[in-house]
Amino acid sequence: MKSHQTAQTMKPATAAKKLGVYLEATPAEFREGVVSRAELNALQADPPEWLRELRRNGPHPRPVVAAKLGVSISGLARGGVTEALTTEQIDALKAENPEWLQKERATQAEVRKEAVRIKEKHKAQNKEEKDKDAADEA
């Protein structure tokens, strides 16, 4: 058995994903090294200026762009958005509100509604099973 623990590290791409930033926009020293779990926690707890700036203005990775626009990542691709976007570009897209964005937002709203419906259905089924089990035990 080891008497000391080795620090858990991750690739910069993984760390960038966990931080919600676009890897190519991070500083070179971040992209070229490895990030320990402790360093990641420190970045999350007290973000340096470069990280605050990236989170505020971008460019943002596709999952963040999709969330800011209220669509899925697939919806972004269908709309022709394949690159990282800045906050300014996202705001411009929202203001323009093209037809594809309206359609994808509507689709996303339906998906969310269906997810809630299924969750409620499962909750009701579980309650019925518990009630039945309780009645069988009595």
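Above this text you will find the structure in question.
Residues numbered from 1 in each chain as written. Predicted model: local features only at pLDDT ≥ 70, side-chain atom pairs only at ≥ 80, totals over all residues. Heavy atoms only, no water.

So, on to the packing of aromatic side chains. Here the structure, examined in full by the defined rule, presents one aromatic pair. Aromatic side chains Phe 30 and Trp 50 sit 5.4 Å apart centroid to centroid with 55° between the ring planes, which places their arrangement in the tilted category. Linking Phe 30 in helix 2 (residues 28-32) with Trp 50 in helix 4 (residues 49-57), this pair joins segments that are 20 residues apart in sequence. The class of Phe 30 is buried, set by a relative accessible area of 8%. Of the residues examined, Trp 50 reaches a relative accessible area of 26% and is grouped as partly exposed. (Phe/Tyr/Trp six-rings, centres within 6.5 Å; stacked < 30°, edge-to-face > 60°. Helix = DSSP H or I, 4+ residues; strand = E, 2+ residues; numbered from the N terminus. Buried < 20%, exposed > 50% of the residue type's maximum accessible area, 1.4 Å probe, protein only.)

Turning next to the side chain of Glu 104. Mapped onto the secondary structure, Glu 104 falls in helix 8 (residues 99-137). We classify Glu 104 as buried; its relative accessible area is 7%. Setting aside its immediate chain neighbours within four residues, Glu 104 contacts Val 71, Gly 75 and Arg 78. (Contact = heavy atoms within 4.5 Å.)

Moving on, we get to the side chain of Ser 36. Within the element layout of this structure, Ser 36 appears in strand 2 (residues 35-36). On the accessibility criterion, Ser 36 (13% relative accessible area) is buried. Contacts of Ser 36, omitting those with residues within four sequence positions, involve Gln 8, Thr 9 and Met 10.

Side chains that differ in sign of charge can pair as their charged atoms come close. This model, assessed by the stated rule, comprises seven salt bridges. Measuring nitrogen to oxygen at the nearest pair gives 2.9 Å for the salt bridge that ties Glu 104 to Arg 78. Of the two residues, Glu 104 sits in helix 8 while Arg 78 sits in helix 6 (residues 73-78), which places them 26 residues apart along the sequence. Overall, Arg 78 belongs to the exposed group, its relative accessible area being 55%. For Glu 114, the salt bridge identified is with Arg 117, shortest N-O distance 2.6 Å. Placement of the pair is Glu 114 and Arg 117 together in helix 8, with a separation of three residues, close to one helical turn. Owing to a relative accessible area of 35%, Glu 114 belongs among the partly exposed residues under this scheme. Its relative accessible area of 44% is what places Arg 117 among the partly exposed residues. Counted as one network, the salt bridges with shared partners bring together Glu 49, Arg 52, Glu 53 and Arg 56. (Salt bridge = Lys/Arg side-chain N within 4 Å of Asp/Glu carboxyl O.)

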